[in-house]
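What follows is each chain in one-letter form.
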Amino acid sequence: MVSLILTCAGSGTRANFGKNKLFISFGGQTVLYKTLSAFFKSGLIEQYIITVNKSDYETVKNIVGDNAELVIGGATRFDSVKNALPFIKGDIVLVHDGARPFVSPTLIKNCIETAEKFGSAIPVIPSCDTIIKGDGKIVDDYIGKESLYNVQTPQGFKTDLIIPAYEFAKYNNFPDDGSVYKNLYGKLNCFIGDKENVKLTYKEDFEVFNKINDCRVGTGFDCHRLVENRKLIIGGIEIPYPLGLLGHSDADVLTHAVMDAMLSAVAERDIGYHFPDTDERFKGASSIVLLEQVKNIIDKKGYKVQSVSAVIMAQKPKLLGYIPSITDNLAKALGISADKLGIGATTLEGLGFVGREEGICASATAVLIKK
Ligand code: MG
């Protein structure tokens with residue numbers, strides 16, 4: 001059986017929110033809830049213990065309900081974990097920072113397996129930055145980056161080994177549980193952690209993730225009439241067919257729907273507004289060139305295209321064989337990889353003007369993210 005101690009009794013003063021940073025909501029959920037959910041989803045933990053400040057007790061109780069036992073923490077992380085140890089029922093215990101909500105099921109599994117095998121397991125990431133020692137003003141010494149690792153959580157232990165280590169410790173300012181363990185046994189096992197398992201420490205850390213969560217969705221639709229003596233251009237590709245689409249520009253129905261979806265996502269009206277058909281400059285214009293301008297508009301708003309999904313509605317010609325080249329061409333124009341552009345084609349079963357082969361329609365959905 002595996003128990004988890006989630007440390008939530010810190011003051012979180014470095015994040016400077018004026019309240020415990022674990023109660024800050026991002027992506028619609030508190031940090032604490034997200035962290036706890038990550039362990040629930042893994043399905044590997046059977047007992048949950050959370051260390052809390054007295055003043056946060058009610059707030060935490062409201063967030064976690066009956067899913068976890070709450071233990072009042074102490075002055076330091078060491079004291080908090082020590083207070084929680086008598087409540088452990090599992091033969092393996094993981095200790096995790098409440099402010100690391102991106103912990104993955106794989107990392108949790110690796111931690112448990114390493115602790116079962118060796119008695120201890122701390123996740124580490126090789127340091128890619130050169131580390132110096134100093135006070136932030138004067139450099140004392142270069143530590144380097146060879147053989148240096150950043151330490152993460154969850155840290156896992158056999159319960160009957162970590163409890164004596166905490167009892168043996170003579171002071172309470174150990175940086176983590178691994179150091180308490182090493183202090184008694186001399187040896188501590190580590191395994192490679194996960195770079196995404198970051199700790200939310202400073203206000204900027206939260207802003208980065210809010211940015212990641214800031215995505216916009218837009219929809220677009222277009223339709224053009226099929227006529228003689230016009231080229232049939234779809235997604236910037238010329239399709240051999242006796243008829244082509246009628247319009248002021250090249251009447252590329254798919255690219256128009258995609259552009260409208262992009263503009264709609266950033267509340268920038270539509271292509272008729274930006275490229276009016278009364279403007280001679282856009283007569284016969286390549287829609288792929290106009291797409292470049294739409295990209296500039298969303299770029300100025302601080303967004304970029306993440307993915308696009310579109311469907312072309314045509315009774316004839318059969319488009320199946322052209323979808324790969326349309327996808328490649330449009331993805332290139334959008335500046336995304338082809339696996340982020342899903343294009344489908346359908347007939348309308350002979351119904352309506354599309355079914356009568358009088359015109360072709362397209363609809364598109366675009367997902368935009370903050371640059
Ligand atoms: Mg159009």
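Definitions and cut-offs
- Residues numbered from 1 in each chain as written.
- Predicted model: local features only at pLDDT ≥ 70, side-chain atom pairs only at ≥ 80, totals over all residues.
- Heavy atoms only, no water.
- Domains from an automatic or database assignment.
- Helix = DSSP H or I, 4+ residues; strand = E, 2+ residues; numbered from the N terminus.
- Polar contact = N/O pair within 3.5 Å; in protein donor to acceptor, adjacent residues only side chain to side chain.
- Donors = N, O, S within 2.8 Å, 3.2 Å for Na, K, Ca; no water.
- Buried < 20%, exposed > 50% of the residue type's maximum accessible area, 1.4 Å probe, protein only.
- Pairing = 2+ DSSP bridges.
- Axes fitted to C-alpha atoms, helices over the stretch in contact; angles between N-to-C directions.
- Contact = heavy atoms within 4.5 Å.

(A) Region of the structure containing the domain arrangement of the chain. Each assigned domain of the chain is listed with its residue range as follows: domain 1 (2-212) and domain 2 (215-370). A C-alpha centroid distance of 49 Å is found between domain 1 and domain 2.

(B) How the structure looks around the side chain of Ser120. Tracing the sequence through the fold places Ser120 in strand 7 (residues 120-126). One polar contact links the side chain of Ser120 to the main-chain amide nitrogen of Asn189, over a distance of 3.0 Å.

(C) Seen up close, the coordination of the magnesium ion. Surrounding the magnesium ion are the protein donor atoms Asp222 (OD), His224 (NE2) and His256 (ND1), which sit 2.1 to 2.2 Å from the metal. Sequence positions of the donors to the magnesium ion reduce to the motif D-x1-H-x31-H. Judged by relative accessible area, which is 14%, Asp222 ranks as buried. Under the relative-accessibility criterion, His224 is labelled buried at 14%.

(D) Representation of the sheet that holds strand 13 (residues 215-228) in the model. The sheet built from five strands is open, its strands ordered 16-13-19-17-18 with mixed pairing. Both outer strands of the open sheet, strand 16 (243-245) and strand 18 (341-346), are each paired with one neighbouring strand and no more. Across the sheet, the mean angle separating the axes of adjacent strands is 25 degrees when strand polarity is ignored. As paired strands, strand 13 and strand 16 are joined by three bridges and run antiparallel to one another. Bridging from a neighbouring strand, Glu228 pairs with Leu243 of strand 16. The strands that helix 8 (residues 253-265) touches are strand 13, strand 16, strand 17 (303-313), strand 18 and strand 19 (359-370); relative to strand 13, the one it contacts most, it runs at about 155 degrees.

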